[in-house]
Amino acid sequence: MSKILVLGAGPAAIVSALLLKREGHEVEVIGRLRRQPILEGASQRVVEGFQRVGCHEALQVVGPRWQRGSAWAGQFSEANGEHVVERSLLDAALLDDLERAGISFLPSAVASCE
């Protein structure tokens, strides 16, 4: 079993840490959380990734899918859509998923790495 340090606290870092833990590695995450609430879009692929990895807490804060569409020359067609998420709530939920998986999180910024 390897000891692995994941730098970052965003969805990609958290999912990577969960997958590494699932593969039997000892994982720790260091990162900084967002301080201000911000609305962001998450694609259906992000939601499906959270489902595959078991990010149950994160899935609870992902909003419903908003469908995009366009109207041109009297014709309306649907396009892709995305889920709206309040990012600070998502980050907190992802940390809950980390804790449930037994992965420690150190809230800090990384100044340098050797």
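What comes next concerns the included structure. From a predicted model like this one, the values you see are computed outputs, not experimental measurements.

1. Focus on the overall build of the protein chain
Move 1: When helices and strands are tallied, the protein chain shows four helices and six strands.
Move 2: Reading the secondary structure of the protein chain in the N-to-C direction produces β-α-β-β-α-α-β-β-α-β.
Move 3: Scaling as 2.2 N^0.38, a compact globule of 114 residues should have a C-alpha radius of gyration of about 13 Å, whereas the protein chain reaches 17 Å, well beyond that.
Move 4: Dimensions of the protein chain, computed from the C-alpha atoms along their principal axes, are close to 60 × 30 × 25 Å.
Move 5: For the protein chain, the proportion of its 114 residues judged to be buried stands at 30%.
Move 6: Within the protein chain, counting contacts between residues at least 6 apart in sequence, those at least 24 apart form 61% of the total.
Move 7: When the accessible surface of the protein chain is summed, it comes to about 7700 Å², and 52% of that surface belongs to carbon and sulfur atoms.
Move 8: Here the protein chain contributes 12 positive and 14 negative side-chain charges, whose respective centroids are spaced 3 Å apart.

2. Some details on helix 4 (residues 87-100)
Move 1: A rise of 1.5 Å per residue sets the reference length of helix 4, with its 14 residues, at 20 Å; its end C-alpha atoms lie 20 Å apart and thus fit the reference within 8%.
Move 2: Burial in helix 4 covers these residues: Arg 87, Leu 90, Asp 91, Ala 93, Leu 94, Leu 95, Asp 97 and Leu 98.

3. Describing the sheet that holds strand 3 (residues 39-42)
Move 1: Spatially, three strands are ordered 3-5-4 in an open sheet, and the strand pairing comes out antiparallel. Lying at the two open borders of the sheet, with one neighbouring strand each, are strand 3 and strand 4 (65-72). Here the average twist between neighbouring strands, direction ignored, is 45 degrees.
Move 2: Relative to strand 5 (residues 75-86), strand 3 is paired through four bridges, and the arrangement is antiparallel. Directly across from Gly 41, in strand 5, lies its bridge partner Val 84.
Move 3: Where helix 4 meets the sheet, its contacts fall on strand 3 and strand 5, and the angle it forms with strand 5 comes to roughly 60 degrees.

4. Quick notes on the nonpolar core
Move 1: Phe 50, Cys 55 and Leu 98 are the most contacted members of the largest nonpolar core, which totals 20 residues.
Move 2: If you list the elements that add at least two residues to this core, you get helix 1 (11-22), strand 2 (26-31), helix 2 (44-53) and helix 4.
Move 3: If one sorts the elements of this core by residue count, helix 1 sits on top with five residues.
Move 4: Among residues more than four places away in sequence, those in contact with Cys 55 are Val 15, Leu 18, Phe 50, Leu 94 and Asp 97.

Criteria and cut-off values
Residues numbered from 1 in each chain as written. Predicted model: local features only at pLDDT ≥ 70, side-chain atom pairs only at ≥ 80, totals over all residues. Heavy atoms only, no water. Helix = DSSP H or I, 4+ residues; strand = E, 2+ residues; numbered from the N terminus. Rg over C-alpha atoms; globule rule 2.2 N^0.38 Å. Buried < 20%, exposed > 50% of the residue type's maximum accessible area, 1.4 Å probe, protein only. Contact = heavy atoms within 4.5 Å. Areas by Shrake-Rupley, 256 points an atom, 1.4 Å probe, with all protein chains shown as cover. Lys, Arg positive; Asp, Glu negative; His and termini not counted. Charge placed at Lys NZ, Arg CZ, Asp CG, Glu CD. Expected span 1.5 Å × (residues − 1). Pairing = 2+ DSSP bridges. Axes fitted to C-alpha atoms, helices over the stretch in contact; angles between N-to-C directions. Core = buried A, V, L, I, M, F, W, Y, C linked by side-chain atoms within 4.5 Å.

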